[in-house]
Amino acid sequence: MKNRIPKNITAGRGPKQKKCLSCGTIENMCRRRYCSIDCRQKLLYTLGIRTGLLKALNTRYATFYFTEKIIIMDILPYLSREILSFIYPRSNDNKPAEDYCRMSDLLGNEWWAEKKRTHKHYLANRHIYNQAVRNGYPEGFIIPLETKVPAVKGAALTHLKLGKSDLDSPELEKKIKSAYRLQVKKHHPDIGGDTATFRKVHQAYKDLIGWAESPTFLRRRGFPDKWFYDGDTDGWIQPKPYLKK
């Protein structure tokens, strides 16, 4: 394994271009994060069906990312402060999802071979840990960023022509009422407006006023440019661009 997963491959540096976070293509990306929904779902599915190795390795957190030359999986085992990096060279014709399958299969086969030879789970783990590059990265390199997101439907803001930044305003209720009155003047059925649109505007007003009186938030974890695995939920999460480093 040490020969097949070299430790001395480094990513080349160059001008940053907008790349698909699933396959790395730069074609027709513009402001998009993924070249297609199918591409994103394929990588998420591939990562999701290969969590057995991560569970076997007692993984608390893991991240997956890639460059044009390599794929990298960093893991942080439970009760450890050392990050282990598994680095695998990219193939010419494969996408990152396919390269990850090959790396995962190689590591998994090595784990099972060592487990059968020693009959010890911890020795199999140690054998795989020894295949990794041991890094002195700060914990924030793999421990996920967390942010609080207002539990407000985006449609409610859209119907009243408000922005997310308005939710931070100390005069939020005033802004909501002002925005509501403006939309009522445009969409009330008594002045020729569309009934369905007016109902949406009214519901948006109720939702936002309710939130302003009793704000609630959702906690989101992840990284802006890496796929993130949480051992507590045994699941992968796609990159979260709104999480700033």
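Remember, it's a predicted structure, so these values are computed and weren't measured experimentally.

Asks: Help me understand the overall build of the protein, please; the structure alone is not making it clear to me.
Replies: Each helix and strand counted, the protein has 7 helices and 8 strands in total. The proportion of buried residues among the 245 residues of the protein is 41%. Within the protein, counting contacts between residues at least 6 apart in sequence, those at least 24 apart form 56% of the total. Total accessible area on the protein stands at roughly 14800 Å², and carbon and sulfur atoms take up 49% of it.

Asks: What is the right way to look at the side chain of D74 in this model?
Replies: You can see D74 is positioned in strand β2 (residues 70-77). Within the buried set, D74 has no salt-bridge partner at all; the shortest N-O distance to an opposite charge, 4.8 Å, is to K226. Within the structure, the side chain of D74 is placed 2.5 Å from the side chain of S85, a separation counted as a polar contact.

Asks: Help me understand helix α7 (residues 195-213), please; the structure alone is not making it clear to me.
Replies: With 19 residues, α7 should cover 27 Å at 1.5 Å per step; its first-to-last C-alpha distance of 27 Å lies within 8% of that length. Those residues of α7 that sit buried are F198, V201, A204, Y205, L208, I209, W211 and A212. Burial along α7 is one-sided: seen end-on, the buried residues are contained in an arc of 160 degrees. In α7, the exposed positions that point more than 90 degrees away from the buried face belong to R199 and E213. The distance from a side-chain oxygen at the start of α7 to the backbone nitrogen of A196 is 3.3 Å, and the residue carrying that oxygen is D194.

Asks: What is the right way to look at the sheet that holds β2 in this model?
Replies: Where strands meet in a sheet, backbone hydrogen bonds hold them as pairs that are either parallel or antiparallel. What the 6 strands build is an open sheet, ordered β4-β3-β2-β1-β7-β8; its pairing is antiparallel. Edge positions in the sheet fall to β4 (133-135) and β8 (235-237), since each has one partner strand and no second. Sheet twist, expressed as the mean angle between neighbouring strand axes with direction ignored, is 25 degrees. Bridge count for strand β7 (residues 227-230) against β8 is 3 bridges, and the pairing is antiparallel. Counted as the bridge partner of F228 is I237 from β8.

Asks: Would you mind showing me how to read the packing of aromatic side chains here?
Replies: Centre-to-centre distance and the angle between the planes together describe a pair of aromatic rings. Going through the model one piece at a time under the given rule, you end up with 9 aromatic pairs. Arranged with centres 6.4 Å apart and planes meeting at 40 degrees, the rings of F64 and F66 form a pair that is tilted. Assigned by exposure class, F64 and F66 land together as buried. Here F223 and F228 contribute two aromatic rings whose centre-to-centre distance is 6.0 Å and whose plane-to-plane angle is 65 degrees, an arrangement assigned as edge-to-face. For the residue pair F223 and F228, the accessibility class agrees, reading buried in each case. Among the aromatic side chains, those forming a connected cluster through ring pairs are Y61, F223 and F228. One Lys or Arg, K226, reaches over the ring of Y65 and ends 4.9 Å from the middle of that ring.

Asks: Could you clarify how one ought to interpret the environment of S36 in this entry?
Replies: For S36, the location among the structural elements is in the segment before α1 (37-48). Along the sequence, S36 and C20 sit 16 residues apart, while their C-alpha atoms lie 8.6 Å from each other. Polar contacts involving the side chain of S36 include one to the main-chain amide nitrogen of C39, which spans 3.0 Å.

Cut-offs applied
- Residues numbered from 1 in each chain as written.
- Predicted model: local features only at pLDDT ≥ 70, side-chain atom pairs only at ≥ 80, totals over all residues.
- Heavy atoms only, no water.
- Helix = DSSP H or I, 4+ residues; strand = E, 2+ residues; numbered from the N terminus.
- Buried < 20%, exposed > 50% of the residue type's maximum accessible area, 1.4 Å probe, protein only.
- Contact = heavy atoms within 4.5 Å.
- Areas by Shrake-Rupley, 256 points an atom, 1.4 Å probe, with all protein chains shown as cover.
- Lys, Arg positive; Asp, Glu negative; His and termini not counted.
- Salt bridge = Lys/Arg side-chain N within 4 Å of Asp/Glu carboxyl O.
- Polar contact = N/O pair within 3.5 Å; in protein donor to acceptor, adjacent residues only side chain to side chain.
- Expected span 1.5 Å × (residues − 1).
- Arc of directions from axis to C-beta.
- Pairing = 2+ DSSP bridges.
- Axes fitted to C-alpha atoms, helices over the stretch in contact; angles between N-to-C directions.
- Phe/Tyr/Trp six-rings, centres within 6.5 Å; stacked < 30°, edge-to-face > 60°.
- Lys NZ or Arg CZ within 6 Å of the ring centre and 35° of its normal.

The values reported here are purely geometric and, on their own, carry no functional implication.
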